[in-house]
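# Commentary on secondary and tertiary structure
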Amino acid sequence: MNKCSLALSLALLAPALGWAAPNPRLVIPEFAGLAQKATESVTITLDPALLAMAGRFLDGNDPQDAATKEIIKGLRGIYVRSYTFDKDSAYQQADIDAVRAQLSAPGWNRFVKTHSRKTRADVDIYIMVDNNQAIGLALIASEPRQFTIVNIIGAIDLDKLHKLEGQFGVPKLDIDLSKSPASGAQK
């Protein structure tokens, strides 16, 4: 077997051997039944084509729009599901846990974890790094009457990511990711 054939064989076997690049895209359910019970719901699915289209609507002369345009240039997707209910426990914790379980896959690292016993609110932020570059981010925020799941895919500059808060359905969390060292992330 020559070197070219060996390289091609290894490339074809790489996914089966677990050598493939990690996949930062989460499988997020549509939560159709929950959307009907919610007082407010947000479903955002921005694939690369829609992100490019959204970028064209941003004003390059406005500093905030220009910064947002720069951030989304390297992204391949933004996926958001957010639901607010008028009573506690309107959703099953298993709905959230099914998405959270995907974040135990190789490559994902918990970046931020907050918990409030008083408000029964939890926020978990995970990041996926490949070759020293953040390629995926997942946020799961839950409290008794609301939950939000955000999955951002692509080249992510953590120092600039907070500028997406409040845009494209990404919630405002007032968490400064640039002050949390990625190297110290724990699962």
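Residues numbered from 1 in each chain as written. Predicted model: local features only at pLDDT ≥ 70, side-chain atom pairs only at ≥ 80, totals over all residues. Heavy atoms only, no water.

By volume, the largest pocket amounts to about 170 Å³. Ser-89, Tyr-91, Gln-93, Arg-100, Arg-120, Asp-122, Ser-142, Glu-143 and Pro-144 together form the lining of the largest pocket. Mapped by element, the contributors of at least two residues to the lining of the largest pocket are helix H5 (93–102) and strand S5 (133–143). Grouping the amino acids of the lining of the largest pocket by side-chain chemistry returns 2 nonpolar, 3 polar and 4 charged. (1 Å grid on protein atoms, 1.4 Å probe; cavity = no way out; pocket = protein on both sides within 12 Å on 5 of 7 lines; lining within 4 Å. Points joined across faces, edges and corners; volume = space filled by probe spheres on them. Helix = DSSP H or I, 4+ residues; strand = E, 2+ residues; numbered from the N terminus. Nonpolar A, V, L, I, M, F, W, Y, C, P; charged D, E, K, R; others polar.)

Where nonpolar side chains cluster on the molecular surface, the patch consists of Leu-50, Met-53 and Phe-57 and spans about 320 Å² of accessible area. You can see Phe-57 is positioned in the loop between helix H3 (48–56) and helix H4 (63–72). For Phe-57, a relative accessible area of 68% translates into the label exposed. (Patch = residues over 30% accessible without salt bridge, like charges linked within 9 Å, V, L, I, M, F, W, Y side chains within 5 Å. Areas by Shrake-Rupley, 256 points an atom, 1.4 Å probe, with all protein chains shown as cover. Salt bridge = Lys/Arg side-chain N within 4 Å of Asp/Glu carboxyl O. Buried < 20%, exposed > 50% of the residue type's maximum accessible area, 1.4 Å probe, protein only.)

Moving on: the packing of aromatic side chains. Using the criterion set out here, one finds 5 aromatic pairs in the structure. In textbook terms, an aromatic cluster arises when at least three aromatic residues are bridged by ring pairs, as seen for Phe-31, Tyr-83, Phe-85, Tyr-91 and Phe-147. If you follow Arg-25 out to its NZ or CZ, it ends over the ring of Tyr-79, 3.7 Å from the centre. (Phe/Tyr/Trp six-rings, centres within 6.5 Å; stacked < 30°, edge-to-face > 60°. Lys NZ or Arg CZ within 6 Å of the ring centre and 35° of its normal.)

Before going further, it helps to examine the pattern of salt bridges. A complete count under the given rule lists 7 salt bridges for this structure. Salt-bridge contacts for Arg-145 lead to Asp-88; the nearest nitrogen and oxygen are separated by 2.8 Å. Remark: Asp-88 occurs in the loop between strand S2 (75–84) and H5 and Arg-145 occurs in the loop between S5 and strand S6 (146–156); sequence separation between them is 57 residues. Salt-bridge contacts for Arg-100 lead to Asp-124; the nearest nitrogen and oxygen are separated by 3.0 Å. Highlighted residues: Arg-100 in helix H5 and Asp-124 in strand S4 (residues 121–130), separated in sequence by 24 residues. Asp-124 matches Arg-100 in its accessibility class, with the two residues each being buried.

Further remarks concern the environment of Ile-78. Secondary-structure assignment places Ile-78 in strand S2. Expressed as a C-alpha distance, the spacing of Ile-78 and Arg-25, which sit 53 residues apart in the sequence, is 9.5 Å.

Non-glycine residue Arg-120 carries a positive phi angle of around 55°. Residue position: Arg-120 is located in the loop between strand S3 (108–116) and S4. In this structure, Asn-131 takes a positive phi of about 55° despite not being glycine. Residue Asn-131 is classed as exposed on the basis of its relative accessible area of 72%.

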